[in-house]
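Listed here are the chains, written in short residue letters.
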Amino acid sequence: MDVPLWFALLAVGYLGIKLIRPPWWLVALLLLGGYLLADSVLAPVIDTAVK
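Residues numbered from 1 in each chain as written. Predicted model: local features only at pLDDT ≥ 70, side-chain atom pairs only at ≥ 80, totals over all residues. Heavy atoms only, no water.

## Digging into the overall build of the protein
The helix and strand inventory of the protein stands at three helices and zero strands. Ordered by position from the N terminus, the helices and strands of the protein form the series α-α-α. Compactness check: the protein gives a C-alpha radius of gyration of 13 Å against a globular reference of 10 Å for 51 residues, more than 25% above the reference. Here the C-alpha coordinates of the protein stretch approximately 35 × 35 × 15 Å along the principal axes. Taken over 51 residues, the protein has a buried fraction of 2%. (Helix = DSSP H or I, 4+ residues; strand = E, 2+ residues; numbered from the N terminus. Rg over C-alpha atoms; globule rule 2.2 N^0.38 Å. Buried < 20%, exposed > 50% of the residue type's maximum accessible area, 1.4 Å probe, protein only.)

## Notes on the pattern of salt bridges
For the structure on display, the rule yields one salt bridge. Here K51 ties to D47 by a salt bridge, and the two come within 3.8 Å at their closest N and O atoms. The class for K51 is exposed, based on a relative accessible area of 78%. We classify D47 as partly exposed; its relative accessible area is 38%. (Salt bridge = Lys/Arg side-chain N within 4 Å of Asp/Glu carboxyl O.)

## Things to note about the packing of aromatic side chains
Applying the stated rule across the entire model yields one aromatic pair. Arranged with centres 5.9 Å apart and planes meeting at 85°, the rings of W6 and F7 form a pair that is edge-to-face. Residue class for W6 comes out exposed when judged on its relative accessible area of 59%. The class for F7 is partly exposed, based on a relative accessible area of 43%. (Phe/Tyr/Trp six-rings, centres within 6.5 Å; stacked < 30°, edge-to-face > 60°.)

## As for the environment of G33
By the secondary structure assignment, G33 is in helix α2 (residues 24-38). Put simply, G33 and P44 are eleven residues apart on the chain and 16 Å apart in space, counted from C-alpha to C-alpha.

## Things to note about a nonpolar patch on the surface
The grouping of M1, V3, W6, F7 and L10 at the surface amounts to a nonpolar patch, some 670 Å² of accessible area in total. By the secondary structure assignment, V3 is in the segment before α1 (5-20). (Patch = residues over 30% accessible without salt bridge, like charges linked within 9 Å, V, L, I, M, F, W, Y side chains within 5 Å. Areas by Shrake-Rupley, 256 points an atom, 1.4 Å probe, with all protein chains shown as cover.)

Pasting the structure below:
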């Protein structure tokens, strides 16, 4: 069974918010920080570290 990455991330994010109940400002901060890091100079370094 092939599951698209966006669907898996959506499901994990939804369950994480429902079960752990982090504050919304923390969720927004993590999303914004990830978005900004993906477009920064550090993106290739992070990509090689993750792989």
